[in-house]
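# Notes for the structure review
Listed below are the residues making up each chain.
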Amino acid sequence: MDPFTPKKRSTSRKNKLTLSAKQYSKIAGTIASVRRSRLGDLGEDAEHIFRESDEPSFIAERSFVSAPLNSRVPVQQTSAKGKGKAKAESLDKVPLEVQEALILEDLLFVLMGIEGTYITYPLDYSLEDENPLHGVRFVAAPSLDPSLRDLVERILPLATFYTAISSFIQIRSHLDYGLVNHSLCAAIRDMLKDYHTLLSQLEHAFASSPTFSLQKLWFYVHPTLHTLSLIYGLTTELVEVEDPPESESSEGSSSDELDPEEQARNEALGLGGAKLKAVLTEIKGGLGESGAVAGPAKGGEVLAILHERLQRMSGDPSALALYRALVRAAGRPYAEMLVAWTRSGKLDDPYEELCVKESRSINKGDLDVDYTDEYWERRYTLRDGSTISGGSKRHLAGVPLPRTPSGRLPGGACIPPLLESWKSKVLLSGKYLNVLQECGKEIKRPAVLNDDDLAMEGDKFYKSIEDAYSFANRTLVNVLMHDQQLIPRLRSLKHYFFLSQSAFLTNFLDAAHTELRKPSRHASRDKLQSLLDVALNLDGSTFAAEGEPTFKEDVKVDMGTSGLYEWLLKIVSVNGVIGGDENGDMGVEMVNEDAKKSKDKDEKDKSKLLAIDAFVLDYKVKFPLSLVISRKTIVRYQLLFRFLLHLRHVEQALLAMWTEHTTAPWRGRVPAHPEFERWRRHVFLLRARMLAFVQQILAFATAQVLEPNWRRLEATLARVGTVDELLRAHVDFLDTCLKECMLTSAKLIRAYERLITTCMTFALYNASFTKTVNQALGTLEAAGGDASSVPMEKRWDFLTKFDKNFDHWFNTHLDCVQYYASSENGALLPLVTRLTSIKAMKTS
């Protein structure tokens, strides 16, 4: 016998096992005897239809053991014209009763997927080339009586449905398709047992009842035909989800055809050819933008398809009952994984079917080095890329693109419709339990649940999710509040970063004055840290209640890479928090200008940046407190700290200037030179206005922004019930403080920066002003009080520049504050009153 060499098959049919025509012809020798003995009573006219074929007994036994149903396959006579199929004689000469008997027997074979004598495969049909998941097609002999043919053609789709469903069960039971597909196949296999029982009963009736007819066969199989058609529709949809029909892909490929010249050029470069195009098309279709392979339909995608079919067929009672049974059976392993995750924090998803995924590359050990909240945000995530707040991040790596025909995400990334509104709670329940386990808390394993508790369409299932979410929330909030001392931690942050009762800062600035005057690159962090530790040890720590820790060992010195206002403008330009008003063109232009010059300016100003301008505090916390006091929140605290520190530094410089102005050269009367005395009074007035501005801003930020918002935060934390509310309250507190301190609008930041820089520059000229006064007094004394010996034009010009610059930016800043107070930030109204009083100082 010639060796059998199978044809090269497509990739989509690698694991699909079917019998070829040659293999069908090698059937046990007992098949012919069974069929001859049955047809012996029909008359001698039918004897010539079948012929004996000898086959070794061991082949018959092996065939019967491996596939007992194939023992009924007839021995087929091969013919060159029939291309290997049995060539049966025409039924024209056979009586109608004999035709019905022959067709009935063939139908019993065909309904099991076995080709008969008069019901065969179409001439153009090849088992090797056709996809078995679409079912085997059968056609009746052309010579069959038309009255019988009509009934036969009604029954034949049942054979196609059965063969397609059997192939689906065989292929989808592979490990790669996941537990949901396994459960679905098991449920369908149980339903096919009733089909097999029906066929056994029909065969018994055919063999024993002389009144059994084709009409009765149709009567018995008609309900089953509807049931299998529903299952066939489901399996076909699951198959076409992975492998869309060729018509859709051909439409897309026809649009990409190249002209002959370009095609020839591609061929010459090795870029042409049908095989290369096919490979590229397959790669393009299988990969999303993020590089994630779509893969087979499994997990949540299978449940979503089942749910959609359940909704579409809800008007059919039999279809409704069938799909409900399949949804319950297929959803059981999904529900078990979900319950294990929400009740114990254990993610057991070997085939990536669940909506929650774990990034094992992110572990707790990294938190000791960098306590960012990456562990919290990226250790466990939703496969569809959506965040807890409801946003979507489908551009991230690992999130596949939706499937083209349906727009549904593939595999586990597809969340079943019934779970769509619960996905955030599902994710957070397991997250919270994992945090508790990291803290050493023992989580009780869930009790064994019954079938009703695992039914995804029942209310008890979602009540269990809600209960698990509430339990995890309450337990984690209790751990953060009491075991991890969250409130004392936040009080220490308020004391160190918001300069509340902060005598330590004054002592530190005095002790580190020399070091802080150096460029930031040359300032010693170790020396600054030691001076800060000394200042904190001398601090009375009046902010902490008796017995509460102060956590001063967690306060560290750090240096920023840019100035405060450059940093703020960069953040605002990235986030787009410009203000959104029609008159915000000035702010937009400032941000655009800053963005263009940021790179060059950073390199030039980095060497000029003083340590006092780059100085910032840092705060070290460990997991799980880093969930609340995360790196993002620490950055907000640092922005507010640098804002307050700069105000304190400018206030200190202006107060030093005021101290200098109490000395004799400034206070002594000079009646001989009234112009000089008027110039000195103008310096006093300008210094007083600047000092009043700085103190009013500082008083507004501390007394009317930070302190009231802190009180509200304490009241909110006292009644918080969930971790979500806790995190939201903390972030909202910091965002509100930043907004009310005018640190979220580019226009306000720019005007305030120019104004505060003018004040600081004026204070730096204190020694120059004092030197000018001493020189003027010495010249007057040497000239005997002659006023003409001390010209005042240059002194007035120099002072007028400061005066005009301060007035311009003060009015600009006041206009901005008034606009935002009346439009979107009503908390600025008290500041408008404060600044208006400063404006009145000049007119008075």
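Remember, it's a predicted structure, so these values are computed and weren't measured experimentally. All chains use their own residue numbering, which begins from 1 and follows the written sequence. This being a predicted model, a pLDDT of at least 70 is required before a residue's local features are given, and a value of 80 or more before pairs of side-chain atoms are given or counted; all residues contribute to the totals for chains, interfaces and linings. With hydrogens and water excluded, all non-hydrogen atoms of the structure serve as input to the side-chain values.

## Here's the deal with the overall build of the protein
Scanning the protein from terminus to terminus reveals 30 helices and six strands. Note on exposure labels: buried denotes an accessible area under 20% of the residue type's maximum, exposed denotes more than 50%, and partly exposed covers the range between, all computed with a 1.4 Å probe on protein chains only. Taking all 844 residues of the protein together, 48% fall into the buried category. Here, residues are in contact when the closest pair of their heavy atoms is within 4.5 Å. In the protein, of all internal contacts separated by at least 6 residues, the share reaching a separation of at least 24 is 77%. Reported accessibility uses the Shrake-Rupley method at a 1.4 Å probe radius. Residues are deemed covered only where the shown protein chains occlude them. Carbon and sulfur atoms make up 53% of the accessible area of the protein, which amounts to about 42,200 Å² in all. Under the scheme used here, helices are H or I runs from DSSP no shorter than 4 residues and strands are E runs no shorter than 2 residues, and both carry numbers assigned from the N terminus.

## Describing the pairing of strand 6 (residues 615-619)
Counted residue by residue, strand 6 has five buried out of five residues, so it is predominantly covered. Neither face of strand 6 is open: one carries Phe615, Leu617 and Tyr619, the other Val616 and Asp618, and all of them are buried.

## Quick look at the pattern of salt bridges
The salt bridge criterion pairs a side-chain nitrogen of Lys or Arg with a carboxyl oxygen of Asp or Glu, the two atoms within 4 Å. Enumeration over the complete set of coordinates arrives at 29 salt bridges. Residues joined in a network through salt bridges with shared partners are Arg491, Lys494, Glu707, Arg711 and Glu714.

## Quick look at the side chain of Lys298
Mapped onto the secondary structure, Lys298 falls in the loop between helix 10 (274-286) and helix 11 (300-312). One buried charged residue, Lys298, remains without a salt bridge, the closest side chain of opposite sign being Glu352 at 5.0 Å. The residues contacting Lys298, other than those within four sequence positions of it, are Asp176, Tyr177, Asn181, Tyr351, Glu352, Glu353, Gly411 and Gly412. Only four residue types enter the tally: Lys and Arg on the positive side, Asp and Glu on the negative side, with His and both chain ends excluded.

## Looking at the pairing of strand 5 (residues 555-559)
Across the two faces of strand 5 the burial differs, with Val555, Val557 and Met559 buried and Lys556 and Asp558 not buried at all. Only strands that DSSP links by at least two bridges are regarded as paired with each other. Note: strand 5 against strand 6, five bridges, orientation antiparallel. By the bridge assignment for strand 6, Val555 is matched with Tyr619.

## Description of the packing of aromatic side chains
When two rings of Phe, Tyr or Trp (its six-membered ring) have centres within 6.5 Å they constitute a pair, described as stacked for plane angles under 30 degrees, edge-to-face for angles over 60, and tilted for the intermediate range. In total, this model carries 34 aromatic pairs according to the counting rule given. Relative to Tyr220, the ring of Phe219 lies with its centre 5.6 Å away and its plane at 65°, an arrangement referred to as edge-to-face. What makes Tyr220 partly exposed here is its relative accessible area of 40%. Taking 5.6 Å as the distance between ring centres and 35° as the angle between the ring planes, the aromatic pair formed by Trp422 and Tyr462 counts as tilted. Residue Trp422 is located in the loop between strand 4 (380-382) and helix 14 (423-438), and its partner Tyr462 is located in helix 15 (residues 459-483); the two are separated by 40 residues in the primary sequence. Residue Tyr462 is classed as buried on the basis of its relative accessible area of 10%.

## Here's the deal with helix 17 (residues 503-511)
Three- or four-residue spacings in an α-helix give side chains the same orientation, since the helix completes a turn every 3.6 residues. Within the sequence span of helix 17, burial applies to Phe504, Leu505, Phe508 and Leu509. Across the axial projection of helix 17, the buried residues extend over an arc of 130°, all falling on one side. Buried residues along helix 17 sit in contact with helix 16 (486-497), helix 18 (513-516), helix 19 (525-538), helix 22 (611-614), strand 6 and helix 23 (631-660). To obtain the arc, one takes the directions from the helix axis to the C-beta atoms.

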